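Chain by chain, the residues:
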Amino acid sequence: MAQRSQGWYAGTGRNAYIHRAWMRRGVPADAFDGRPHIAIANTASDLTPCNMHLDEVADSVKRGVLEAGGVPFNLPVMSLGETQVRPTAMLWRNLAAMAIEEMIRANPIDGVVLLGGCDKTIPALLMAAASVDLPAVVVPGGPMLNGTFRGQRFGCGTGVWRLSEEVRAGTLSQEAFLESESAMVRSKGHCNTMGTASTMACMAEVLGMTLPGIAGTPAPDSRLAEQAQLTGRLAVDLVAAGRRPSQVMTRASFLNAIVALAAIGGSTNAVLHLLAIAGRLGVDLTLADFDASGAGVPLLVDLQPAGDYLMEDLFRAGGLLAVLHQVEGLLDPSAITVTGEPLVSALTDAQVWDSTVIRPLSEPLQHDAGIAVLRGNLAPDGAVIKPAAATAALLQHRGRALVFDSVEDLNARLDDPDLDVTADSVLVLRGCGPKGYPGMPEVANFPLPPQMLELGIRDMVRICDGRMSGTAYGTVVLHVAPEAAAGGPLSLVRTGDWIELDVAGRRLTLDVPEEELALRAADERTDSGYANPQRGWQKLYVDHVLQADTGVDLDFLVGTSGDAVSRESH
Ligand code: FES
């Protein structure tokens, strides 16, 4: 079958002439003779520090494409620096996915290599690739090397949360805190904890969308360049085989990803991203699948924020494949990778080289590390909690609500010495969902009141319709759906109400009679303070964004449009 790109380049007519001529610039005519044209969708950006090095990775991919007889093209695409963009990178994930989708489809290419790293970049790339469904493969940019501070491992992200709490508690000086700043990011690469970037690199691999064994290869490691070059070769093979994301990312792959998510102690953000990617593919995946497939999966990886080590340690200890080998019995063997082979066939030679980092099944860090999905009258469509990052004693808890209407309200009142709070209080933060903020920021792991810190308390139950950084920890109920701004019951909670968290029973209950809640709903103030944008992307987003239980995609982006472009440009 003729390559898709030949629809632009083949023939002797004026249009084909135009497409070829502008691309020639020293390129021989036989580059347009039907050999595969591979785009490298590259999220390199100086304002996405975790992806700054991806141009180097692209060079390796290019070499591989050329070796295999293809023609590579660098395609810079929208990038998102998690720590840089406001109000939250999640607001822009769908915009990036939409723009990348359209650029993959609009251009004369036959396959695409997806280069991502920082949190939202791999999800956006995978959502886009799923909706176009051209042959595609991911190269994760890799984590940075281990940071250290004062002789201790210093995890990117996690260390900031921990030290800033220490400053607030008065146990660490401001000077020492600032001294740690330059110790944290030691090399190129994304966060080295099991945060969202590391998690999504692993998810891409378990979904089958990378060369097996590449996820978690540190960015500065020469083996990443080698794997990137091999991926370039593979991209050409993928086109020849006609193997598309829809053939690789099946329901079996997603269920395997959920197992892996628990075993590695991955970020709760993966729940949203996996649901959104599945939605693009038409794969039937629901929040309930996370509870069902993740239930009873042990936490085997001792990485921050749940544990002690960092991604460089995981790579040294055997990497993701060694982890998957331990839980192979829980994986669906029918799921394949971009190689065309079953994922499980890549596990045969996987070994654990350091069992303090990758624990044996007989000695897991936790026996049941799956993300728990909670329901109840406070979260009719669901909420999630990551027990692996929570305080065990708080997983069953009843306390009185202390409500904050917004992040601004929280910031204004949290340090008030007269705040009516006890260690048993349940801190509620609302207005942080997809519509309300807008964009669902990572604020659910908000700080504790100083008076609690002074008592030595380091964790309290928190409930929020926003997200939590994958590098954070705490007994945090997040992704409450529907969010307050969408009329969810979270909007009706008042300070002093009793709330019960029962993780074992998967319940989140607001102990207020239905009649009282109905009265409050009728009485709800109209000036809610929730976002009300009037133009641009934010207006489009707020008008069309879906809730957390289905992955926070836009309603009109769910599904696929394929790779066809019916009209010529001139
Ligand atoms: Fe980019 Fe953490 S900020 S991966």
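Look a little higher up for the structure.
First, a word on scope: everything that follows refers to the structure included in this document. (Residues numbered from 1 in each chain as written. Predicted model: local features only at pLDDT ≥ 70, side-chain atom pairs only at ≥ 80, totals over all residues. Heavy atoms only, no water.)

Across its full length, the protein chain carries 20 helices and 14 strands. C-alpha extents for the protein chain along the principal axes are approximately 80 × 55 × 45 Å. Burial status across the protein chain gives 59% buried among its 570 residues. Across the protein chain, contacts joining residues at least 24 apart in sequence account for 77% of those joining residues at least 6 apart. In the form shown here, the protein chain has an accessible surface area of approximately 21500 Å², with 51% of it arising from carbon and sulfur atoms. Each charge class in the protein chain was averaged separately, 44 positive and 66 negative side chains, and the resulting centres sit 6 Å apart. (Helix = DSSP H or I, 4+ residues; strand = E, 2+ residues; numbered from the N terminus. Buried < 20%, exposed > 50% of the residue type's maximum accessible area, 1.4 Å probe, protein only. Contact = heavy atoms within 4.5 Å. Areas by Shrake-Rupley, 256 points an atom, 1.4 Å probe, with all protein chains shown as cover. Lys, Arg positive; Asp, Glu negative; His and termini not counted. Charge placed at Lys NZ, Arg CZ, Asp CG, Glu CD.)

For the structure on display, the rule yields 3 aromatic pairs. Between Y9 and F32, the ring centres sit 4.8 Å apart and the planes meet at 65°, which makes this aromatic pair edge-to-face. Of this pair, Y9 sits in helix α1 (residues 6-9) while F32 sits in the loop between α2 (14-24) and β1 (37-42); the two residues are 23 residues apart in sequence, bridging distant segments of the chain. For the residue pair Y9 and F32, the accessibility class agrees, reading buried in each case. With a centroid separation of 5.6 Å and an interplanar angle of 40°, the aromatic rings of F149 and F154 are classed as tilted. Here F149 matches F154 in class, with each residue buried. (Phe/Tyr/Trp six-rings, centres within 6.5 Å; stacked < 30°, edge-to-face > 60°.)

Our next topic: the sheet that holds β1. Taken together, 4 strands build an open sheet; the order of strands is β2-β1-β3-β4 and the sheet is parallel. Two strands bound the open sheet, and with one partner strand each, they are β2 (71-76) and β4 (136-140). For this sheet, the mean inter-axis angle between neighbouring strands, taken without regard to orientation, is 20°. Sheet topology places β1 next to β2; 6 bridges connect them, and they run parallel. Looking at β2, one finds that I40 is bridged to N74. (Pairing = 2+ DSSP bridges. Axes fitted to C-alpha atoms, helices over the stretch in contact; angles between N-to-C directions.)

This brings us to unusual backbone geometry. Cis peptide bonds are those with omega within 30 degrees of zero, and the linkage from R86 to P87 qualifies with 0°. Tracing the sequence through the fold places P87 in the loop between β2 and α4 (89-106). Here the bond from A481 into P482 is cis, since omega is -5°, no more than 30 degrees from zero. Take P482: it is sitting in the loop between β12 (476-481) and β13 (498-502). Notably, R150 is not glycine yet its phi reads approximately 50°, a positive angle. As for its placement among the helices and strands, R150 is situated in the loop between β5 (148-149) and β6 (152-153). A residue is classified by how much of its surface remains accessible, and R150, at 56% relative accessible area, is exposed.

The next subject is the layout of surface pockets. Approximately 780 Å³ is the volume found for the largest pocket. What lines the largest pocket is a set of 35 residues, and nearest its centre among them are E82, T83, Q84, W161 and E442. Elements supplying a minimum of two residues to the lining of the largest pocket: α6 (158-169) and α9 (196-206). Each residue belonging to the lining of the largest pocket can be placed in one class, and the counts come to 18 nonpolar, 11 polar and 6 charged. Around the second largest pocket sit 22 residues that line it, and W161, E165, N445, F446 and P447 are the ones nearest its centre. At the level of secondary structure, the elements contributing two or more residues to the lining of the second largest pocket comprise α6 and α17 (407-413). Looking at side-chain class alone, the lining of the second largest pocket contains 11 nonpolar, 3 polar and 8 charged residues. (1 Å grid on protein atoms, 1.4 Å probe; cavity = no way out; pocket = protein on both sides within 12 Å on 5 of 7 lines; lining within 4 Å. Points joined across faces, edges and corners; volume = space filled by probe spheres on them. Nonpolar A, V, L, I, M, F, W, Y, C, P; charged D, E, K, R; others polar.)

What follows concerns the pattern of salt bridges. Inspection of the entire model under this criterion finds 29 salt bridges. For E102, the salt bridge identified is with R105, shortest N-O distance 3.1 Å. With a gap of 3 residues between them, E102 and R105 both fall in helix α4, about one helical turn apart. Overall, E102 belongs to the partly exposed group, its relative accessible area being 36%. On the accessibility criterion, R105 (8% relative accessible area) is buried. Across the salt bridge formed by E165 and R168, the nearest N and O atoms sit 3.6 Å from each other. With a gap of 3 residues between them, E165 and R168 both fall in helix α6, about one helical turn apart. Accessibility expressed as a relative area gives 14% for E165, which makes it buried. (Salt bridge = Lys/Arg side-chain N within 4 Å of Asp/Glu carboxyl O.)

Here we come to helix α3 (residues 54-67). Along its 14 residues, α3 runs 20 Å from first to last C-alpha, staying within 8% of the 20 Å computed at 1.5 Å per residue. Residues of α3 that are buried in the fold lie against β1, β2, β3 (111-116), β4 and α10 (222-241). Of the residues one or two after α3, G69 is the one with positive phi, at around 90°. (Expected span 1.5 Å × (residues − 1).)

Let us look at empty space enclosed by the protein. Across all of its chains, the model carries 1 cavity of 30 Å³ or more by this definition. Lining the largest cavity are I258, L261, A262, G265, G266, F290, G294, A369, G370, I371, K386 and A388. Of the residues belonging to the lining of the largest cavity, the class tally is 7 nonpolar, 4 polar and 1 charged.

Per the stated rule, a full pass over the model turns up 0 disulfides. Not part of a disulfide, C156 finds its nearest cysteine sulfur in C191, a span of 3.6 Å. C156 gets classed as buried once you look at its relative accessible area, which sits at 5%. (Disulfide = S-S within 2.5 Å.)

So, on to the pairing of strand β10 (residues 426-429). Burial along β10 is two-sided: the face carrying V426 and V428 and the face carrying L427 and L429 are both buried. As paired elements, strand β9 (residues 396-404) and β10 share 4 bridges and run parallel to each other. Counterpart to F404 in the pairing with β10 is L429. As paired strands, β10 and strand β11 (residues 462-464) are joined by 3 bridges and run parallel to one another. Opposite L427, over in β11, you have R462 as the bridge partner.

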